2 protein chains.
Amino acid sequence: MFKVYGMSTSGNCHKVRMVLEALKLPYAWNEIDTRSGTTRTPEFLAKNPNGKLPLLEIDSGVYLAESNAIIFYLAEGTPLLPNARLERAQVLQWLFFEQYSHEPYIAVARFLRRFHPDPGSQRALTDSKMDGGYRALAVMEQQLERGPFFVGERYTIADIALYAYTHVADEGGFDLNRFLCVRSWLARVEAQPGHVSMR
Amino acid sequence: MFKVYGMSTSGNCHKVRMVLEALKLPYAWNEIDTRSGTTRTPEFLAKNPNGKLPLLEIDSGVYLAESNAIIFYLAEGTPLLPNARLERAQVLQWLFFEQYSHEPYIAVARFLRRFHPDPGSQRALTDSKMDGGYRALAVMEQQLERGPFFVGERYTIADIALYAYTHVADEGGFDLNRFLCVRSWLARVEAQPGHVSMR
């Protein structure tokens, strides 16, 4: 059985839960609050030298880090990941877009506003995340004008990866009102069998 | 024949060249200087709505963005990407590590010091990148204490992705002297058939 080390309020961790639930795979969830310092202990660093969540224990002592590598691993051979070479690469394109052009703005703004002990002190940093976040949302909107999901007209881990922080983007101060295609896509993701929300 | 839109001084673009050269695949290189504004023109945005390099044209009108998605695509079915499910996911783990925990520090510090029109004005931002960059190098060092390459004891696209900005980390102000395993790994990468350096 898979064991997940994760924090339930983290979108990166939530992606892993979404895939496990959608695929009805049995798993144990080991809840960790990163603010407790647990991910910086020698015990945890022996499992993941980069000291980050989520972390998947595949077998005794066999660990896989990085949320998008984990969901790719779990989805291999299932309908959540296309078999065709180009479509697989397109899924990866959106996974890397998510980690480089989306998460550092939308997830970080949400973290600062919702979880920082003194959000007011972080105002300038939070504000500096808005342009990049809106740029990412505009790129998503443009893609979703062409089809119901990000790759190949079907629900894949590209949708799951991008859903994780987009559905709570308002907590980072982002207004999704003008992103009509993004909003109807969020609803389509939420209608998938086995869907779990983060709130 | 593949067509690459790239900037030769960019490590992200250089990854694509390294894979194409290692695999002896024919390609045309379309040199673009991002500072010229070309990647923000309607023509380029029609090819890649995220406005970034590198971009691979696979077929007429079929584009793939994100350096690490491109090199995964090119390496499928070759010795540069393992077939085993766990090893493939481990390669992806390092590709996501590179884009999230390495590039935003080491590549950005290099960009600010070497390519910014007024590097002195960016000193505080450059300095803020040092801790994260050294953390990434320490994680790499720890992994390379265990084996000659990042995954499965052989040369893969995980090595290529991490080589791209590590071999020019000094241009970002990073001192690799104490990272003995990283330094011997750089030499091993440089000894691979078809190796091309960025300088």
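Residues numbered from 1 in each chain as written. Chains lettered and ligands numbered in written order. Predicted model: local features only at pLDDT ≥ 70, side-chain atom pairs only at ≥ 80, totals over all residues.

Side note on unusual backbone geometry
For residues that are not glycine, phi is negative in most cases, and the peptide bond is trans in most cases.
Move 1: Of note, the amide linkage connecting L53 of chain A to P54 of chain A takes the cis form, showing an omega dihedral of -5 degrees.
Move 2: Relative to the helices and strands, P54 of chain A resides in the loop between helix 2 (42–47) and strand 3 (55–59).
Move 3: The phi torsion at K24 of chain A lies on the positive side, around 55 degrees, for a residue other than glycine.
Move 4: Along the chain, K24 of chain A falls in the loop between helix 1 (11–22) and strand 2 (27–31).
Move 5: Positive phi outside glycine occurs at E66 of chain B, with the angle close to 75 degrees.
Move 6: Of the residues examined, E66 of chain B has 30 C-beta atoms within 10 Å and is grouped as buried. (Helix = DSSP H or I, 4+ residues; strand = E, 2+ residues; numbered from the N terminus. Buried ≥ 20, exposed ≤ 12 C-beta atoms within 10 Å, placed from the backbone.)

Considering the sheet that holds strand 3 (residues 55–59) of chain B
Residues and elements named next belong to chain B.
Move 1: If you trace the four strands from one edge of the open sheet to the other, you get 2-1-3-4, paired in mixed fashion. A single partner strand is all that each edge strand has here, and the edge strands are strand 2 (27–31) and strand 4 (62–65). Ignoring which end each strand starts from, the neighbouring axes of this sheet average 25 degrees apart.
Move 2: This element, helix 1 (residues 11–22), spans strand 1 (2–6), strand 2 and strand 3 of the sheet and lies at about 155 degrees to strand 1. (Pairing = 2+ DSSP bridges. Axes fitted to C-alpha atoms, helices over the stretch in contact; angles between N-to-C directions. Contact = placed C-beta atoms within 7 Å.)

A few points about the packing of helix 6 (residues 130–144) of chain B against helix 8 (residues 180–190) of chain B
Residue and element names in this part refer to chain B.
Move 1: Contact geometry of helix 6 with helix 8 gives a least axis separation of 8 Å together with a crossing angle of 75 degrees. Taken as axis vectors, helix 6 and helix 8 run roughly perpendicular relative to one another. Taken together, the residues of helix 8 that come into contact with helix 6 (itself represented by L137, M140, E141 and L144) are C181, V182 and W185.
Move 2: Counted by class, the contact of helix 6 with helix 8 contains six nonpolar, no polar and one charged residues. (Parallel < 35°, antiparallel > 145°, perpendicular 65-115°, else oblique. Nonpolar A, V, L, I, M, F, W, Y, C, P; charged D, E, K, R; others polar.)

Structural notes on the relation of the copies chain B and chain A
Move 1: Here chain B sits on chain A after a turn of 180 degrees about the axis and a move of 0.0 Å along it, with an RMSD of 0.0 Å. On the angle and the small slide along the axis, the relation comes out as a two-fold axis. For chain B, the minimum C-alpha distance to the rotation axis belongs to Y100 of chain B and amounts to 3.2 Å. (Least-squares fit on C-alpha atoms with pLDDT ≥ 70 in both.)

Quick notes on the interface of chain B and chain A
Move 1: Chain B puts 25 residues into the contact, and the matching count from chain A is 25 residues.
Move 2: Residue classes in the side of chain B that touches chain A are distributed as 14 nonpolar, eight polar and three charged.

Observations concerning the pairing of strand 4 (residues 62–65) of chain A
Residue and element names in this part refer to chain A.
Move 1: Where strand 3 and strand 4 come together, four bridges link them in antiparallel fashion. Following the sheet pairing, E57 is matched in strand 4 by Y63.
Move 2: If you look at the hairpin formed by strand 3 and strand 4, you'll find two residues sitting between the two strands, and G61 has a positive phi there, around 80 degrees.

So, the sheet that holds strand 2 of chain A
All names here are of chain A.
Move 1: Pairing is mixed across the open sheet formed by four strands, whose spatial order is 2-1-3-4. Two strands close off the open sheet at either side, each with one partner strand: strand 2 and strand 4. Going from strand to strand, the sheet's axes swing by 25 degrees on average, the running direction of each strand aside.

Quick word on the confidence of the model for chain A
Where the model shows low pLDDT, its predicted coordinates should not be examined in detail.
Move 1: When pLDDT is averaged across chain A, the result is 97; 100% of the residues are at 70 or more.
Move 2: Interface scoring of the predicted complex returns ipTM 0.97; its pTM is 0.98. (pLDDT = per-residue confidence, 0-100.)

What to know about helix 4 (residues 85–115) of chain B
Move 1: Of all the bends found along helix 4 of chain B, the most pronounced is centred on H102 of chain B and spans about 60 degrees, while P104 of chain B, a proline, follows it within four residues.
Move 2: Most of helix 4 of chain B sits inside the fold, with 23 of its 31 residues counted as buried. (Bend = angle between axes of the 7 residues up to and from the residue.)

A short note on the domain arrangement of chain A
Often, the extent of an interface is quoted as the loss of accessible area upon association of its parts.
Residues and elements named next belong to chain A.
Move 1: According to the domain assignment, chain A consists of domain 1 (2–75) and domain 2 (85–190).
Move 2: Centre-to-centre separation of domain 1 and domain 2, based on C-alpha positions: 21 Å.
Move 3: Listed as interface residues are 10 residues of domain 1 and, on the opposing side, 10 residues of domain 2.
Move 4: Listed by contribution, the elements that provide at least two residues to the side of domain 1 that touches domain 2 are helix 1 and helix 3 (67–75).
Move 5: Residue composition of the side of domain 1 that touches domain 2, by class: five nonpolar, four polar and one charged. (Domains from an automatic or database assignment.)

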